[in-house]
Each structure stands twice: as C-alpha cells, then as structure tokens.
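Residues per chain are reported as follows:
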Amino acid sequence: MSPWLLLAAAALTYASRALAVAVLPAPPPRLHATLDRMPGPLFAGLAVLAIIDAGSTTPGVLGATVGALLLASLRSMLASVLGGIAGFAVTTLLL
Amino acid sequence: MAVVEVRAVRGMILAVLPAAFGIAVFGVVYGALAGTRLGGPMTIAASLLVFSGTVQFSLVGLADAGASAGAVLATVAALNARNLVLGAVLRPYLHVGRGRRALLAYFLVDETVGLSVAARRDAGRTLLVSGLVCGTAWLGGTVVGVAGGRLPALQPLAEAIFPVLFVALAAITSETLGNAGRAAVGAALTGLLITAVPGLAGLAPVIAAIVVAVPGRQPAAQPPRDGGERTEVER
C-alpha cells in the first residue's frame with residue numbers, strides 16, 4: 001500500500017467525521033428532534049454488531065452482554081462494566 | 001472552580017477507561033497483524049492518521065487481496081458513512097466555533113460520541129478528553145503490537161468489552177422509557193438487517209436507528225408574532 005493511498009484513506013475518514021460536525025449547518029428543529037431520538041437505538045444496534053463481530057457463540061461475550069443488560073437500568077457506565085465483567089467471569093468459569 | 005474542573009475531567013477519564021482498555025488490546029492485535037504486512041512505520045502512521053479500527057483492519061485485508069486504489073477508497077467511504085450520522089447526532093451538543101469543531105472531529109469514534117452525547121452540556125470537553133485517551137490507547141497498542149507484543153489472554157475480555165460499552169451507552173443516552181423501548185427495537189432491527197443482508201452489517205445500526213427515530217413527536221411551533229409569521233424554536 002502506498003503512502004498516498006493511506007493519506008487518501010485518512011483524509012476520507014476525517015472528512016466523514018468533520019462534515020456533519022463542522023461543515024454542515026446546525027440541524028433545524030424537526031431534524032434535531034429526530035437526531036435526539038437516535039443515540040439509544042444506534043448504540044443498541046452497535047452492541048448487536050459488536051456481539052456478532054466477536055463471534056456470537058462465544059460464551060464470554062454473551063455472558064458479558066447479559067451482565068451489562070441486567071444493570072442497564074442503573075444508567076451508569078461503571079455499573080454496566082462491572083456487570084459485564086461479572087457476566088464474562090461467570091460464563092467463562094462455568095462453560 | 002479549578003477543583004470542580006479537575007474532578008470533571010477525572011470523571012471523564014474514568015468513564016472512558018473501559019473503552020480505552022478494549023481499544024488498546026485491539027491496537028496490539030492490529031499492530032501485530034498490520035506490522036508484518038504494511039511495515040512498522042506505515043502501521044503506526046495509519047493509527048495516528050486514520051484512528052479507526054474498522055477502516056485500518058479493512059485496509060490490511062484489502063492490501064493482502066491486492067485491491068485497486070479505487071476499491072480501497074470505495075470501501076473506506078462505505079465504512080465511514082456512519083460517521084455522518086454520528087456527527088449529526090453529536091453536532092447540536094457542541095457549543096464551540098467551527099474551527100474547534102473541525103479539530104474535535106478527529107476524535108469522532110463510536111465510543112467518544114456516546115460519552116459526549118451522554119455528557120450533554122460538557123460534550124465538547126468530553127469529546128476531547130475521551131478522544132485523547134482512546135487515541136493514546138490505540139496508538140500505544142499499535143506500537144506495542146508492531147514491536148512484537150502479544151496479549152492473547154486479554155483478547156477474549158477485550159472482545160467482550162465492546163458490546164458491554166455499547167449497552168452502557170444505549171442505557172445512558174436513553175433517558176425515558178420510550179427511548180429505552182426505541183433502543184430495544186433498534187437492537188432487534190439491527191439483528192434482522194444483519195441476518196437478512198450481511199453485506200450491510202456495518203451500516204445496519206445506522207439504518208435501524210434512523211427507522212426507529214423518525215416516527216415521533218416533532219417540536220411545537222412558536223405562537224405567531226406580529227404579522228402572523230410562525231417561527232420554530234431555534235436551538
């Protein structure tokens with residue numbers, strides 16, 4: 001791979017990040033209301049994708065996800081991570 | 001005031017550490033894999049300039065396959081499409097000028113966007129702090145991998161961290177029961193999309209989120225001013 005191709009890939013990646021954040025104008029209220037509803041389903045979908053990428057048959061991954069889900073109602077990063085680690089440990093040790 | 005700011009930054013760092021751990025471990029994996037194919041300097045430069053595991057791992061695969069420059073750039077563009085949506089979601093929370101937003105945009109990855117959106121009014125600083133931590137983890141892991149470091153024992157845990165982080169981010173950014181319901185539907189729809197069209201896996205979460213988010217209450221218009229003109233609330 002040539003350095004120029006790497007630079008072009010880097011420029012494309014940065015441009016995709018900067019376009020909506022820095023170039024386009026602030027969204028109008030209707031679009032803003034829709035965008036405001038997107039984070040939850042977006043990150044839930046990314047969780048599903050991450051499970052599939054990691055190999056959904058891996059017990060540790062599923063156990064960690066279940067552990068995080070059980071504590072999701074606390075809406076805390078720390079609680080979810082601790083739940084995930086506990087779930088991972090339990091399933092890895094038991095299976 | 002300074003003590004409060006230090007405490008806030010410390011909180012941001014603590015919140016991003018689990019993500020940084022997973023990112024560092026995969027940085028080592030990437031460094032080890034790409035170092036043998038692209039060479040050490042190019043591999044480290046990629047982590048510094050691109051800062052995207054998805055894109056960088058794909059570049060290695062495409063280089064292995066002897067893909068043309070056009071194919072590489074088309075793949076990179078497709079993989080980065082979801083950044084447009086992530087950026088649009090984050091944009092309303094960044095109350096800084098265009099120049100600073102352009103600089104902060106470098107740090108836009110899934111994990112930093114989630115933490116920044118959850119931080120609401122402190123989104124800009126959260127993006128910067130979490131971005132620096134994640135960027136350092138990714139670059140540091142890459143260097144370790146290129147130098148021959150291996151972390152096979154930690155890889156299963158690192159793989160498990162990412163679904164956990166995204167579950168946490170979905171929970172943190174779902175402030176109402178209705179939004180939590182949307183998150184659950186979004187997850188189910190993503191699974192269906194990936195099963196039905198595996199080639200669209202990278203975009204499935206974005207498509208599902210758009211489908212789920214579009215139906216819903218729209219902001220009320222302001223009462224008419226003199227002359228009967230209606231205006232909507234500006235944000």
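Source: prediction; values computed, not measured. (Residues numbered from 1 in each chain as written. Chains lettered and ligands numbered in written order. Predicted model: local features only at pLDDT ≥ 70, side-chain atom pairs only at ≥ 80, totals over all residues. Heavy atoms only, no water.)

Undergrad: Any chance you could explain the overall build of chain A here in plain terms?
TA: Within chain A, the regular secondary structure consists of 5 helices and 0 strands. The N-to-C order of helical and strand elements in chain A reads α-α-α-α-α. For 95 residues, the compact-globule estimate of 2.2 N^0.38 gives 12 Å, and chain A exceeds it by more than 25% at 19 Å. If one aligns the C-alpha atoms of chain A with their principal axes, the spans along those axes are about 50 × 45 × 20 Å. Counting every position in chain A, which comprises 95 residues, the buried fraction comes to 53%. For chain A, the accessible surface area stands at approximately 4400 Å², while carbon and sulfur atoms represent 77% of it. (Helix = DSSP H or I, 4+ residues; strand = E, 2+ residues; numbered from the N terminus. Rg over C-alpha atoms; globule rule 2.2 N^0.38 Å. Buried < 20%, exposed > 50% of the residue type's maximum accessible area, 1.4 Å probe, protein only. Areas by Shrake-Rupley, 256 points an atom, 1.4 Å probe, with all protein chains shown as cover.)

Undergrad: Teacher, can you tell me more about the overall build of chain B here?
TA: The number of helices and strands found in chain B is 10 helices and 0 strands. Each of the 235 residues in chain B was classed as buried or not, and the buried ones make up 44%. Restricting to contacts in chain B with at least 6 residues of sequence separation, those with at least 24 account for 69%. Total accessible area on chain B is roughly 11000 Å²; 67% of this is exposed by carbon and sulfur atoms. (Contact = heavy atoms within 4.5 Å.)

Undergrad: Help me out: how do you make sense of the nonpolar core in this one?
TA: Side chains of a nonpolar character, in soluble globular proteins, are inclined to be buried together. Counting 83 residues, the largest nonpolar core has A:M77, B:L90 and B:F166 as the members making the most contacts within it. Element by element, the count of residues in this core is highest for helix α8 (residues 155–172) of chain B, at 13 residues. Excluding residues that lie within four positions of it along the chain, B:L90 makes contacts with B:L108, B:V113, B:S116, B:V117, B:A123 and B:L127. (Core = buried A, V, L, I, M, F, W, Y, C linked by side-chain atoms within 4.5 Å.)

Undergrad: Help me understand helix α3 (residues 39–54) of chain A in this model?
TA: Side chains of residues three or four places apart in an α-helix project in the same direction, reflecting 3.6 residues per turn. In a regular helix each residue adds 1.5 Å, so 16 residues correspond to 22 Å; α3(A) covers 22 Å between its end C-alpha atoms and thus fits that length. Counting buried residues in α3(A) gives 14 out of 16 residues, a clear majority hidden from the surface. (Expected span 1.5 Å × (residues − 1).)

Undergrad: Please clarify how the side chain of A:S16 should be interpreted in this entry.
TA: With respect to the element layout, A:S16 can be found in helix α1 (residues 3–23). Ignoring sequence-local partners within four residues, the contact set of A:S16 consists of B:N80, B:N83 and B:L84.

Undergrad: Sorry, what's going on with the interface of chain B and chain A here?
TA: The partner chain A presents 62 residues to the 88 residues of chain B that form the contact. Sorting the residues of chain B by area buried against chain A places B:M42, B:V164 and B:V167 first, and these three jointly supply 9% of that buried surface. Taken together, chain B and chain A are joined by 1 salt bridge. In this structure, B:R120 and A:D36 form a salt bridge, with 4.0 Å as the shortest nitrogen-oxygen distance. Where chain B packs against chain A, one counts 16 residue pairs in polar contact (both at pLDDT 80 or more). In terms of residue count, the dominant contributor to the side of chain B that touches chain A is α8(B) (15 residues). Class assignment for the residues of the side of chain B that touches chain A results in 62 nonpolar, 14 polar and 12 charged. (Buried area = accessible area lost by both parts, 1.4 Å probe. Salt bridge = Lys/Arg side-chain N within 4 Å of Asp/Glu carboxyl O. Polar contact = N/O pair within 3.5 Å; in protein donor to acceptor, adjacent residues only side chain to side chain. Nonpolar A, V, L, I, M, F, W, Y, C, P; charged D, E, K, R; others polar.)

Undergrad: What is the right way to look at the pattern of salt bridges in this model?
TA: It is possible for side chains of opposite charge to pair when their charged atoms get near one another. For the coordinates displayed, the defined rule picks out 6 salt bridges over all chains. Salt-bridge contacts for B:E5 lead to B:R125; the nearest nitrogen and oxygen are separated by 3.1 Å. Here the residue B:E5 occupies a position in helix α1 (residues 2–38), and B:R125 occupies one in helix α7 (residues 123–146), the gap between them amounting to 120 residues. You can call B:R125 partly exposed: its relative accessible area is 26%. Look at the salt bridges and you will find they share partners, linking A:D36, B:R120 and B:E175 into a network.

Undergrad: Is there a simple way to think about the environment of B:A158 in this case?
TA: All names here are of chain B. Among the structural elements, A158 can be located in helix α8. With relative accessibility at 0%, the residue A158 sits in the buried group. Sequence separation between A158 and H95 is 63 residues, and the spatial gap between their C-alpha atoms is 34 Å. The residues touching A158, leaving out its near neighbours within four places in the chain, are F21, G22, V25 and F26.

Undergrad: Please clarify how the packing of α1(A) against helix α2 (residues 40–49) of chain B should be interpreted in this entry.
TA: How two helices sit against one another is set out by the angle between their axes and by the gap between those axes. Following both chains from N to C, one finds α1(A) and α2(B) inclined at 15 degrees, their axes separated by 10 Å at the closest point. Here α1(A) lies roughly parallel to α2(B), going by the angle between them. Note on packing geometry: the crossing formed by α1(A) with α2(B) is right-handed. Residues A:P3, A:L6, A:L7 and A:A10 of α1(A) touch α2(B), and the partners they reach there are B:M42, B:A45, B:A46 and B:L49. Here the contact of α1(A) with α2(B) is composed, by residue class, of 8 nonpolar, no polar and no charged. (Axes fitted to C-alpha atoms, helices over the stretch in contact; angles between N-to-C directions. Parallel < 35°, antiparallel > 145°, perpendicular 65-115°, else oblique. Left-handed = near helix turned anticlockwise from the far one by under 90°.)

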